[in-house]
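Structure at a glance
Here's the letter readout for the chains.
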Amino acid sequence: MLHIGNRYFINVESLSSNNAAAWNLLSRHRKIRGSILSHVTHDSCFMAQLTVPINQGYLYFQ
């Protein structure tokens, strides 16, 4: 994941989201605990966006 300015990219694909803070966390940390993102799990739009790179194998949770 790459973060440049106010843009986020996964495998060259640009992400647009109202949850820049959550994407910022994902771009800064190699390991993410689910509790770190607990404040956005209620946001179905963000969760749908997050599911795509997970299903593609670019992000995963341990």
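It should be noted that the structure appears before, not after, this text.
Residues numbered from 1 in each chain as written. Predicted model: local features only at pLDDT ≥ 70, side-chain atom pairs only at ≥ 80, totals over all residues. Heavy atoms only, no water.

1. Describing the overall build of the chain
- Of regular secondary structure, the chain possesses 2 helices and 3 strands.
- What you see in the chain, going N to C, is helices and strands ordered as β-β-β-α-α.
- Over its C-alpha trace the chain gives a radius of gyration of 11 Å, about what one expects of a compact globule, namely 11 Å for 62 residues.
- For the chain, the C-alpha atoms occupy an extent of roughly 25 × 25 × 20 Å along the three principal directions.
- The buried share of the chain, reckoned over its 62 residues, is 24%.
- Split by element, the accessible area of the chain, about 4500 Å² in all, is 51% carbon and sulfur. (Helix = DSSP H or I, 4+ residues; strand = E, 2+ residues; numbered from the N terminus. Rg over C-alpha atoms; globule rule 2.2 N^0.38 Å. Buried < 20%, exposed > 50% of the residue type's maximum accessible area, 1.4 Å probe, protein only. Areas by Shrake-Rupley, 256 points an atom, 1.4 Å probe, with all protein chains shown as cover.)

2. Topic: the nonpolar core
- In this structure, Trp23, Leu26, Leu37, Phe46 and Leu50 are the most contacted members of the largest nonpolar core, which totals 13 residues.
- Counting only elements with at least two residues in this core, the list comes to β2 (7–10), α1 (20–28) and α2 (44–55).
- Considering every element that reaches this core, the biggest residue donor is α1, with 4 residues.
- Setting aside residues up to four positions removed in sequence, Leu37 forms contacts with Ala22, Leu25, Leu26, Ile32, Leu50 and Phe61. (Core = buried A, V, L, I, M, F, W, Y, C linked by side-chain atoms within 4.5 Å. Contact = heavy atoms within 4.5 Å.)

3. Quick notes on unusual backbone geometry
- Of note, the phi angle at Asn11 is positive, near 50°, even though the residue is not glycine.
- Inspection of the secondary structure puts Asn11 in the loop between β2 and β3 (13–15).
- The exposure class assigned to Asn11 is partly exposed, which follows from its relative accessible area of 45%.
- One non-glycine residue, Val12, lies in the positive phi region at around 75°.
- Inspection of the secondary structure puts Val12 in the loop between β2 and β3.
- Note on Val12: relative accessible area 77%, which makes it exposed.

4. Comments concerning α2
- Taking 1.5 Å per residue, 12 residues should reach 16 Å; α2 reaches 16 Å between its end C-alpha atoms and fits that length.
- Turning to α2, its buried residues are Phe46, Leu50 and Pro53. Along the axis of α2, the buried residues cluster in a sector spanning 60°; they form a single face. Exposed residues lying more than 90 degrees from the buried face of α2 are Ser44, Cys45 and Asn55.
- Here the buried face of α2 lies against β2 and α1.
- Measuring from the backbone nitrogen of Cys45 back to the side-chain oxygen at the start of α2 gives 3.0 Å, which picks out Asp43 as the cap. (Expected span 1.5 Å × (residues − 1). Arc of directions from axis to C-beta. Polar contact = N/O pair within 3.5 Å; in protein donor to acceptor, adjacent residues only side chain to side chain.)

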